[in-house]
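Letter by letter, the chains look like this.
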Amino acid sequence: MTDDIGKLVLRLSVGVLILLHGISKLLNGVDGIAGMLSGHGLPTFLAYGAYLGEVVGPVLVILGLFTRVGAVLMIGNMLFAFGLAHMQQIFSLSQTGGWALELQGMFLFGSIAIALLGAGRHSVGGLHGRYN
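About the thresholds
Residues numbered from 1 in each chain as written. Predicted model: local features only at pLDDT ≥ 70, side-chain atom pairs only at ≥ 80, totals over all residues. Heavy atoms only, no water. 1 Å grid on protein atoms, 1.4 Å probe; cavity = no way out; pocket = protein on both sides within 12 Å on 5 of 7 lines; lining within 4 Å. Points joined across faces, edges and corners; volume = space filled by probe spheres on them. Helix = DSSP H or I, 4+ residues; strand = E, 2+ residues; numbered from the N terminus. Nonpolar A, V, L, I, M, F, W, Y, C, P; charged D, E, K, R; others polar. Axes fitted to C-alpha atoms, helices over the stretch in contact; angles between N-to-C directions. Parallel < 35°, antiparallel > 145°, perpendicular 65-115°, else oblique. Left-handed = near helix turned anticlockwise from the far one by under 90°. Contact = heavy atoms within 4.5 Å. Salt bridge = Lys/Arg side-chain N within 4 Å of Asp/Glu carboxyl O. Buried < 20%, exposed > 50% of the residue type's maximum accessible area, 1.4 Å probe, protein only. pLDDT = per-residue confidence, 0-100. Expected span 1.5 Å × (residues − 1). Core = buried A, V, L, I, M, F, W, Y, C linked by side-chain atoms within 4.5 Å. Phe/Tyr/Trp six-rings, centres within 6.5 Å; stacked < 30°, edge-to-face > 60°.

### Some points on the layout of surface pockets
Quantified by volume, the largest pocket comes out at close to 490 Å³. I33, E54, N77, F80 and A81 are, among the 26 residues lining the largest pocket, the residues nearest its centre. Secondary-structure elements contributing two or more residues to the lining of the largest pocket are α1 (2-28), α2 (31-39), α3 (49-63), α4 (67-86) and α5 (102-117). Top contributing element to the lining of the largest pocket by residue count: α4, with 10 residues. The residue makeup of the lining of the largest pocket, split by class, is 17 nonpolar, 7 polar and 2 charged.

Next comes the structure, spelled out in structure tokens:
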């Protein structure tokens, strides 16, 4: 019982926090990401993948429906974020001694945990015993 509540807390916290980034991209577009992709010699249409990793993935995770698929979308999104925007910080510490990428790391490793654990009973998929 508490395992399922723990999975729910993990799903909701990681899913909602990443979704907030997705909502910002829905409102403001993905031009900044397209510019980073272009700067790395990659096609700019890949920027639209941010909607998969920051909107579709988190919504699936929050609902607990195709949770592992949603988590994999979020993992891919975070790997792109690391590669495009954060490689110079990967071995850096902040002024307060924490990892400079602790937020991004929490999103990545939280998503990996969700992909490994699944949704649990407290989910749309859990109501039917599948799709989670």
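And the narrative resumes.
### Details of the packing of α2 against α4
Packing of α2 against α4 brings their axes to within 10 Å, and their N-to-C directions diverge by 70°. When the interaxial angle is binned, α2 and α4 end up roughly perpendicular. By crossing handedness, the relation of α2 to α4 is classed as left-handed. Residues I33, M36 and L37 of α2 form the contact with α4, whose own contacting residues are F80, L84 and A85. Per-class residue counts for the contact of α2 with α4 are 6 nonpolar, no polar and no charged.

### Observations regarding the pattern of salt bridges
Taken as a whole, this structure holds 2 salt bridges when the rule is applied. Measuring nitrogen to oxygen at the nearest pair gives 2.9 Å for the salt bridge that ties E54 to K25. Here E54 is found in helix α3, whereas its partner K25 is found in helix α1, with 29 residues between them in sequence. Comparing E54 with K25, the two get one shared label, buried.

### Quick look at the confidence of the model for the protein chain
Summarising the model, the protein chain shows a mean pLDDT of 94, and 95% of its residues fall at 70 or more. Ranking the elements of the protein chain by mean pLDDT puts helix α6 (residues 124-128) last with 72 and α3 first with 98.

### Section: the environment of L10
Mapped onto the elements, L10 comes out in helix α1. Other than its neighbours up to four places away in sequence, L10 contacts G15, G110, A113, I114 and L117.

### Comments concerning α4
Under the 1.5 Å per step criterion, the end-to-end length of α4 is 26 Å for 20 residues, consistent within 8% with the ideal 28 Å. Each element contacted by the buried residues of α4 is listed here: α1, α2, α3 and α5.

### Remarks on the nonpolar core
Core analysis: the biggest nonpolar cluster contains 13 residues, and M74 and I114 have the highest contact counts within it. Listing elements by their share of this core, those giving two or more residues are α1, α4 and α5. By residue number, the principal contributor to this core is α4, which donates 5 residues. Those residues within four positions of I114 in sequence are excluded, and the remaining contacts are L10, R11, V14, V61, T67, R68, A71 and M74. V30, I33, A34 and L84 belong to the second largest nonpolar core, which has 7 residues in total.

### Section: the packing of aromatic side chains
In the structure shown here, the tally under the stated rule is 2 aromatic pairs. Summarising the aromatic geometry, the rings of Y48 and Y51 are spaced 6.1 Å apart at their centres and angled 35° between planes, so their arrangement reads as tilted. With 6.2 Å between their ring centres and 35° between their planes, F82 and W99 make a pair best called tilted. Here F82, found in helix α4, pairs with W99, found in the loop between α4 and α5; they are 17 residues apart in sequence, far enough to count as distant. Of the residues examined, F82 reaches a relative accessible area of 7% and is grouped as buried. According to the relative accessible area criterion, W99 is partly exposed, its value standing at 28%.

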